[in-house]
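Observations on the model geometry
Read off the chains here:
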Amino acid sequence: MNFAPLPAVDAAAVPADGLVVDVREADEWTAGHVDGALHVPMSDFVARFGEVTEAVADGRRAYVMCRVGGRSAQVTQYLVQQGIDAVNISGGMLAWEGAGRPMVTETGGPAFVL
């Protein structure tokens, strides 16, 4: 059986106005995340799937993010199977931070990758 390669993009190539879907858990999100990202933890993903479909209803691409790319790869595969234009952010938040992309926290404190 042949599987199509999982669509992926480098953190540095994500457009500034791209829809980032962060599938990390709450403690990881709190430590630091992409400003404007949609936070839907992988553990809640199926239950909250409607939030994602609503966010991409206008044909936007979903850039799926986790810490290093494993969980987001699984979610990206699921989204693609549902007919949603989704790509995995290779290397996740660690690559995002390494590329010098901006991160924020809910508290305004220094952001870091947990």
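Residues numbered from 1 in each chain as written. Predicted model: local features only at pLDDT ≥ 70, side-chain atom pairs only at ≥ 80, totals over all residues. Heavy atoms only, no water.

Tracing the backbone shows F49 in helix α2 (residues 49-55). Judged by relative accessible area, F49 falls into the buried class, the value being 18%. It is 9.3 Å that separates the C-alpha atoms of F49 and L79, two residues lying 30 residues apart in sequence. Ignoring anything within four residues of it in the chain, the contact list for F49 reads Y78, L79, Q82 and I84. (Helix = DSSP H or I, 4+ residues; strand = E, 2+ residues; numbered from the N terminus. Buried < 20%, exposed > 50% of the residue type's maximum accessible area, 1.4 Å probe, protein only. Contact = heavy atoms within 4.5 Å.)

Using the criterion set out here, one finds 3 aromatic pairs in the structure. Arranged with centres 6.3 Å apart and planes meeting at 85 degrees, the rings of F45 and Y78 form a pair that is edge-to-face. Pair noted here: F45 is in the loop between β3 (38-39) and α2 and Y78 is in helix α3 (residues 70-81), with a separation of 33 residues, a long-range link. Residue Y78 is classed as partly exposed on the basis of its relative accessible area, which comes to 26%. Stacked on the ring of W96, the Lys or Arg R101 has its end atom at 4.3 Å from the ring centre. (Phe/Tyr/Trp six-rings, centres within 6.5 Å; stacked < 30°, edge-to-face > 60°. Lys NZ or Arg CZ within 6 Å of the ring centre and 35° of its normal.)

In this section: the side chain of R24. Take R24: it is sitting in the loop between β2 (19-22) and α1 (26-31). According to the relative accessible area criterion, R24 is buried, its value standing at 0%. Side-chain polar atoms of R24 contact the backbone oxygen of E28, separated by 3.2 Å. Among the polar contacts listed, one links the side chain of R24 to the backbone oxygen of G32, at a separation of 2.7 Å. Setting aside its immediate chain neighbours within four residues, R24 contacts W29, G32, H33, H39, P41, M65, C66, R67, R71 and M93. (Polar contact = N/O pair within 3.5 Å; in protein donor to acceptor, adjacent residues only side chain to side chain.)

Moving on, we come to the nonpolar core. Counting residues in hydrophobic clusters, the biggest one holds 16 residues, and the most contacted among them are V21, V23, F45, V52 and L79. Breaking this core down by element, the ones donating at least two residues are β2, α2, β4 (62-65) and α3. Once residues lying within four places of it in the same chain are set aside, the contact partners of V23 are V40, P41, M42, F45, V64, M65, C66, R71, S72 and V75. One finds V14, V34, V87 and W96 within the second-largest nonpolar core, a separate group that totals 15 residues. (Core = buried A, V, L, I, M, F, W, Y, C linked by side-chain atoms within 4.5 Å.)

Turning our attention to the sheet that holds β4. Spatially, 5 strands are ordered β1-β5-β4-β2-β3 in an open sheet, and the strand pairing comes out parallel. Each end of this open sheet is capped by a strand with a single partner; those strands are β1 (8-10) and β3. Bridge count for β1 against strand β5 (residues 86-90) is 3 bridges, and the pairing is parallel. Residue pairing across strands places V9 opposite I89, the latter belonging to β5. Those strands touched by α3 are β4 and β5, and its axis lies near 165 degrees from that of β5. (Pairing = 2+ DSSP bridges. Axes fitted to C-alpha atoms, helices over the stretch in contact; angles between N-to-C directions.)

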